[in-house]
Amino acid sequence: MAIIFKNFKMKVLNAGPIFLLYYLSISEVDTQFSNLFEILSFNLQLIIIYYWMLRDEEILGTGHIFFAGIINDVVVGIPLGVSSFCYLILCSVTAYIRNITLTPNFVKDWFSFLFTLILINSIQVIILDLIFLIEISYISYLINSSFTFLFYPIFFILFNFLNQSISAKQND
């Protein structure tokens, strides 16, 4: 019985980032924060995808990431596939960064996240503004990108703690 409970607990810990990604895609949390604080808006989905694809790519699968992007597009009301495309580009860039990195370093990861964030948001702005002619606010994208970059260290610490507890449970 203890083994069954231990396996169940391990599966719940492993599925935590997936549940969080789906919850954020369904609930549109970043706009809820902007309604509360007027200026505070950040994209936690990008932080989740970047961190987990960089540290342990097996926790989040690209299928889950693609489907979460489709859900996000439906909830936000943008053309289907835009978020999924950006999320998969984020996965590709993160896989490249993971493969060229010899030793993980928080500062290098953080600044490579800035480059990746600028790339992803630029692609999304180009797709929405130039291709689909959807009027967007460049200032809101700039504020969202800035706060996403600034909040990365906080979530890095939280996700690192979760990743260490997952690794500790797997080794038991």
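Everything below is about the structure printed above this text.
*Asks:* Mind showing me how you'd approach helix α4 (residues 62–76) here?
*Replies:* In an α-helix there are 3.6 residues to a turn, and that puts residues three or four apart on one side. For α4, which comprises 15 residues, the first-to-last C-alpha distance of 21 Å matches the rise-based estimate of 21 Å (1.5 Å per residue) to within 8%. Turning to α4, its buried residues are I65, A68, G69, I71, N72 and D73. Backbone geometry just after α4 places G77 at a positive phi near 95°.

*Asks:* In this structure, what is going on with unusual backbone geometry? I would like to understand it.
*Replies:* Keep in mind that most residues, glycine aside, have a negative phi and that most peptide bonds are trans. Its identity as a non-glycine residue notwithstanding, L133 has a phi of 55°, on the positive side. Within the fold, L133 resides in the loop between α6 (106–131) and α7 (138–171).

*Asks:* Can you help me understand a nonpolar patch on the surface in this one?
*Replies:* Taken together, the side chains of I126, L130, I131 and F132 present a nonpolar region at the surface, about 420 Å² in accessible area. By the secondary structure assignment, I126 is in helix α6.

*Asks:* What is the right way to read helix α3 (residues 44–55) from this model?
*Replies:* Helix length check: α3 (12 residues) gives 16 Å between terminal C-alpha atoms against 16 Å at 1.5 Å per residue, within 8%. Looking at α3, one finds that the buried residues are L44, Q45, L46, I47, I48, I49, Y50, Y51, W52, M53 and L54. Put simply, N43 is the residue that caps the front of α3, since its side-chain oxygen is 3.3 Å from the backbone nitrogen of Q45.

*Asks:* Mind showing me how you'd approach the packing of α3 against α6 here?
*Replies:* To characterise two packed helices, one gives the angle between the axes of the helices and the distance between these axes. Remark: α3 packs on α6, axes separated minimally by 11 Å, with the N-to-C direction vectors making an angle of 130°. Relative to α6, the element α3 lies oblique. As for how α3 packs across α6, the hand of that crossing is right-handed. Here L46, I47, Y50, L54 and R55 of α3 lie close against α6, whose contacting residues are D109, S112, F113, T116, L117, I120 and N121. Here the contact of α3 with α6 is composed, by residue class, of seven nonpolar, three polar and two charged.

*Asks:* Hey, could you run me through the packing of aromatic side chains in this one?
*Replies:* Aromatic ring pairs: the centre-centre distance and the angle between the two ring planes describe each pair. A full pass over the atoms with the stated rule returns 19 aromatic pairs. Centroid distance F106 to F156: 4.8 Å. Interplanar angle 50°. Geometry classified as tilted. Residue F106 is located in helix α6, and its partner F156 is located in helix α7; the two are separated by 50 residues in the primary sequence. When its relative accessible area of 10% is taken as the criterion, F156 is described as buried. Look at F147 and F151: their rings are 6.0 Å apart centre to centre, the planes differ by 25°, and that puts the pair in the stacked class. Here F147 and its partner F151 are both found in helix α7, four residues apart, which amounts to about one turn of the helix.

The rules behind the values
Residues numbered from 1 in each chain as written. Predicted model: local features only at pLDDT ≥ 70, side-chain atom pairs only at ≥ 80, totals over all residues. Heavy atoms only, no water. Helix = DSSP H or I, 4+ residues; strand = E, 2+ residues; numbered from the N terminus. Expected span 1.5 Å × (residues − 1). Buried < 20%, exposed > 50% of the residue type's maximum accessible area, 1.4 Å probe, protein only. Patch = residues over 30% accessible without salt bridge, like charges linked within 9 Å, V, L, I, M, F, W, Y side chains within 5 Å. Areas by Shrake-Rupley, 256 points an atom, 1.4 Å probe, with all protein chains shown as cover. Salt bridge = Lys/Arg side-chain N within 4 Å of Asp/Glu carboxyl O. Polar contact = N/O pair within 3.5 Å; in protein donor to acceptor, adjacent residues only side chain to side chain. Axes fitted to C-alpha atoms, helices over the stretch in contact; angles between N-to-C directions. Parallel < 35°, antiparallel > 145°, perpendicular 65-115°, else oblique. Left-handed = near helix turned anticlockwise from the far one by under 90°. Contact = heavy atoms within 4.5 Å. Nonpolar A, V, L, I, M, F, W, Y, C, P; charged D, E, K, R; others polar. Phe/Tyr/Trp six-rings, centres within 6.5 Å; stacked < 30°, edge-to-face > 60°.

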